[in-house]
Structure formats: structure tokens, C-alpha cells
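# Fold and contact review
In case you want the letters, here they are:
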Amino acid sequence: MKAILLAGGKGTRLRPLTIHTPKPVVPIFDRAFLHYQIELLKQVPDIDEVILSLNYQPRKIEEVFGDGAGTGVRVRYVVEPSPLGTGGAIRYAAQGITDTLVVFNGDVMTSVDVNAVVAQHRERNAKATIVLTPVDNPSAYGLVETEADGRVRRFLEKPNPDEITCNTINAGIYVLEPDTFDRIPKDLSYSIERAYFPSLIERRETFVAYVDRGYWIDIGTPEKYVQVHRDMFEGKFAGGLFRTADRTRPIVSPDARIEDGVTISGPCFIDAGVHVKAGATIGGYTVLGRGVMIEESADLQDTIVWPNSRIGQHAVVHGPIIGRNCHIGRDAVLEGRSLLGDRTQLTDFTSIGS
Ligand code: GDD
Ligand code: MG
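Each chain carries its own residue numbering, running from 1 in the direction its sequence is written. Written order determines the labels here, with chains lettered from A and ligands numbered from 1. Thresholds applied to this predicted model are a pLDDT of at least 70 for local features of residues and 80 or more for the giving and counting of side-chain atom pairs; totals over whole chains, interfaces and linings are not thresholded and use all residues. With hydrogens and water stripped out, all remaining heavy atoms of the structure feed into the side-chain values.

The subject of this paragraph is the overall build of the protein. Within the protein one finds 6 helices and 31 strands. Its C-alpha atoms give the protein a radius of gyration of 22 Å, near enough to 20 Å, the size a compact globule of 354 residues would have. Seen along its three principal axes, the alpha-carbon backbone of the protein occupies a region of about 65 × 45 × 35 Å. Relative accessibility under 20% of the residue-type maximum defines a buried residue, over 50% an exposed one, and the middle range a partly exposed one, all with a 1.4 Å probe and only protein chains included. In the protein, buried positions account for 55% of the 354 residues. Sequence separation of at least 24 residues holds for 51% of the intrachain contacts in the protein that already meet a minimum separation of 6. Carbon and sulfur atoms form 45% of the exposed surface of the protein, whose accessible area is close to 14,900 Å². When charges are counted, Lys and Arg are positive and Asp and Glu negative, with His and the chain ends excluded. By convention, charge coordinates are those of NZ in Lys, CZ in Arg, CG in Asp, or CD in Glu. Each charge class in the protein was averaged separately, 39 positive and 45 negative side chains, and the resulting centres sit 3 Å apart. Strands here mean DSSP runs of E at least two residues long; helices mean DSSP runs of H or I at least four residues long; both are numbered from the N terminus. Radius of gyration here uses only the C-alpha atoms, and the compact-globule reference equals 2.2 Å multiplied by the residue count raised to the power 0.38. Here, two residues are considered to be in contact whenever any of their heavy atoms come within 4.5 Å of each other. Per-residue and other accessible areas were derived by the Shrake-Rupley procedure at a 1.4 Å probe size, with only the shown protein chains allowed to occlude residues.

Following this line, the structure appears as C-alpha cells:
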């Protein structure tokens, strides 16, 4: 069985972070996001290949996963000539595949039991199975109404407030039978949410929901991107390094260099090659990516710093997400949730949000 990960979107809501780093490979702690999805799919013994459906900056994604050797599963890439939408991308990536397919939106972090979803799909002899998750406000998602027997009654992408009739939404995880793909036009943009799912309902095909109440988040906005780090620090989701790390203490790589007189408090993560100089404070919910340099007496809290950035002496940095290879000058003050794209340079004494 093969899995297709839809990883071709532009990640516009995470700009400027996604200008040089496509959303599927934004770092979550020490690894690229899709590693977590591949880790989950490896729990399905039937899956022998993961196909990444790409469009935006495909080389950057291929560089991370190669042929998949480092992940333990074969990884293959299908690059669309132009963005085909979610449905078009699935058909394009599924060429030649006749067997049942698992499909993931390439931006959802979840603990769903994919084996159980596939088992239910087979038991119900479904044409399509969709995982649903409850959320407080469905308006940013695909709203899915179900019948008592679990069949999908209605699918409504991005409902208006007056159209919200339930709290279950499309989690972006499907099991599909490729013999239904002939209705998807070739070489045209086509949405699985707005066209394919409604067509299954119209034709009364067996389209069944699997409601999952475990961990689920779409990492596609800055708030959610920060939230997933917070949730992992707090033990709400235990993927990647949190499968083994003791999260009751700061997680510091043995290959980081922490000088004497540094204060490290609260849940935080310090990756390999980081250098924290004397007098600095690394506070709660801070994540320092590989090779980050924190100069003397800098004060960080609730801040995510991508690899190879540098924070100057006495800088006070509370809340931003800082891209790669940035330099925050000495005595700068950054308060609140700002987003700094790769290679941002902030002059000494810059003050933002304070
Ligand atoms: N290959 C390819 N080509 N991938 C695409 C394309 C495309 O043209 N367009 C989008 N994608 C990928 C994105 O990279 C992302 O991983 C996934 O498809 C979904 O696109 P988003 O842009 O993130 O959609 P969304 O978050 O607004 O809504 C979708 O996800 C929700 C759950 O997070 C929908 O599927 C909703 O129904 C769902 O509730
Ligand atoms: Mg999304």
C-alpha cells in the first residue's frame, strides 16, 4: 500500500518563514515537519512507499528526505507541472496505482491510529474514508456532517458562521480507492474538498467517517506552529524526540555548549551545535535550533529560533519566531509574536513591540 502526502502548497499563512523553507519541512524541534507524518505512517506495516506530492520548491524537500533511507521507508517524489489543487495532485501522484491509498494533507500533526482507519475502510468496503476531528471553530476547515451509521452526509469546505451545524471537521487524512479517480480531470486544478467529496455524496458511494479524538493540529498558521511546540513540551503529543526525552526538564543536546552562569528554566529545547554564552537566560518554551549562537546576557523566553541564527548581547527576546541565519543586534528588544524571515538583520538597540 502507498501513502501520498500532499506537500505542494505555498504555506502563505506562514510567510515569511516559508519563503525559503516550504511548509512541509519547517522545523518542529530538531526535525522537518514531514518526519512526524512519516514516523506515523511507519506504524502501518502495509505501507511500503511514501509519495510526496510536490509543487512549491520541490528540491528543498527532496534534499531533506532523499530516497527515504534516513526515515526507514522508501520515499518517492512527484512534482506537478503546475499546482493541480488537492484532488488534481492526488490523481497525478497516483498514476499507475490501483491499490487502496492513504492520503495526508502535508501539514497536520496527529496521533491518529492509521491502522484502525484502514481496517475500518476495509470492513465497510468504502470507496473513501475520511478522518474527522472535533474543533471549537470549524470555519477554517472542511465541515463534515455524518449519519448515525458513520456515513458522510455533507461536506462543506470553509463554512460561513451561519453554516456551522456540527463541530467535526476534515482532519486531512483519507483512505481512498483509486477506481474513483476517473472523475478528477487531468491537468486541471481540482479540489478534493470542494468537488470530489461532494461528488461521492451525490452519487451515494460508500463514503465513511472515522472520528478521532486524539491529538490533531494543522501547523499552517504561526499560532498553530507555536502551539504544536507548546503541546509537545506539555506532553499532549509525543512524537519525534519527545518519544524518549524526559520533558520535565530542559532538553539540552550533549553537543551544545552552555557556558557557566547561564540560566535555563522551564520547558525548553537546545539542539546540537548551539552555543549559549555566560549570563544568558533561556526561559520557558524556547527552542534553539542547530548552530544557534546566544551572546552574553541575552534573555530569551517563549521564542523559536531556527538554525544558525545569532542573538546579540543583552538582547531581550520574548515571543518571536526567528528564521535561519538571522542576526539580532545587541541590546535589541523584541516583545510579542513577530515573524522574522531568514537572514533578517536587526541593528543593535532595535526595539519591536515593547
Ligand atoms: N501537491 C499539491 N498541489 N499540494 C497541495 C496543493 C496543490 O495544488 N494545494 C494544497 N496542497 C497541499 C498543502 O501543502 C497542504 O499540505 C494540503 O494540501 C492542504 O492545503 P492547505 O492549504 O493547508 O488547506 P487548508 O488547511 O486550508 O484546508 C485543508 O486542510 C484542513 C485540515 O487542516 C482542507 O483539506 C480542509 O478540508 C481541512 O479541514
Ligand atoms: Mg492546512
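Take the domain arrangement of the protein next. Here the protein is described as being made up of domain 1 (2-222) and domain 2 (248-352). Distance from the C-alpha centre of domain 1 to the C-alpha centre of domain 2: 34 Å. Taken together, the 11 residues of domain 1 in the interface contact 12 residues of domain 2. Surface buried jointly by domain 1 and domain 2 totals about 1,000 Å² across both partners, of which 73% is contributed by carbon and sulfur atoms. Counting the surface domain 1 buries against domain 2, the share from its top three residues, Leu17, Pro27 and Phe29, is 48%. Each domain's extent is set by a domain assignment, obtained either automatically or from a database. In short, buried area is how much 1.4 Å probe accessible area vanishes from two parts on joining, totalled over both.

The subject of this paragraph is the sheet that holds strand S17 (residues 268-270). A strand pair is defined by DSSP finding two or more bridges across the two strands. Ordered in space as S14-S17-S20-S23-S26-S29, the 6 strands form an open sheet in which the pairing is parallel. Whereas interior strands pair on both sides, the edge strands pair on one side only; in this sheet they are strand S14 (251-252) and strand S29 (339-340).

Glancing now at the coordination of the magnesium ion (ligand 2). Looking at the metal site, the magnesium ion (ligand 2) is ligated by Asp107 (OD) and Asp218 (OD), spaced 2.1 to 2.3 Å from it. Of the two residues, aspartate 107 sits in the loop between strand S6 (101-105) and strand S7 (108-110) while aspartate 218 sits in strand S13 (residues 216-218), which places them 111 residues apart along the sequence. One exposure class covers both aspartate 107 and aspartate 218, and it is buried. A donor here means any N, O or S atom no more than 2.8 Å from the metal (3.2 Å for Na, K and Ca); water is not included, so a site may seem to lack partners.

Let us now look at the side chain of aspartate 271. Topologically, aspartate 271 is positioned in the loop between S17 and strand S18 (275-276). Buried charge aspartate 271 goes without a salt bridge, the closest partner of opposite sign being arginine 290 at 4.3 Å. The residues touching aspartate 271, leaving out its near neighbours within four places in the chain, are Asp30, Ser253, Ala256, Leu288, Gly289 and Arg290. In the sections that follow, a salt bridge refers to a side-chain nitrogen of Lys or Arg positioned within 4 Å of a carboxyl oxygen of Asp or Glu.

The next subject is the pattern of salt bridges. Following the criterion strictly, the structure yields 23 salt bridges and no others. With its nearest N and O atoms 2.6 Å apart, the salt bridge here joins lysine 158 to glutamate 157. Accessibility expressed as a relative area gives 13% for glutamate 157, which makes it buried. Across the pair arginine 310 and glutamate 295 runs a salt bridge, and its minimum N-O distance is 3.1 Å.

This brings us to helix H6 (residues 222-233). Helices are assigned an expected span. That span is 1.5 Å times one less than the residue count. The end-to-end C-alpha distance of H6, which contains 12 residues, comes to 17 Å, matching closely the 16 Å that a straight helix rising 1.5 Å per residue would cover. Within the sequence span of H6, burial applies to Pro222, Tyr225, Val226, Val228, His229, Asp231, Met232 and Phe233.

This part covers the environment of threonine 98. Within the secondary structure layout, threonine 98 lies in the loop between helix H3 (85-93) and S6. For the pair formed by threonine 98 and aspartate 187, sequence separation is 89 residues and the distance between their alpha carbons is 19 Å.

Across the sheet, 6 strands lie side by side as S15-S18-S21-S24-S27-S30; this open sheet has parallel pairing. Two strands close off the open sheet at either side, each with one partner strand: strand S15 (257-258) and strand S30 (345-346). Across 2 bridges, the pairing between strand S27 (residues 327-328) and S30 is parallel. When the sheet's bridge partners are listed, isoleucine 328 is paired in S30 with leucine 346.

Here the amide bond leading from arginine 15 into proline 16 is cis, since omega sits at 5°, within 30 degrees of zero. One can find proline 16 in the loop between strand S1 (2-6) and strand S2 (27-28). If you check the backbone angles, phenylalanine 29 has positive phi at about 55° while not being a glycine. Despite not being glycine, aspartate 187 shows a phi value in the positive range, around 60°. Secondary-structure assignment places aspartate 187 in the loop between strand S11 (168-176) and helix H5 (192-202). By relative accessible area, aspartate 187 is classed as exposed at 60%.

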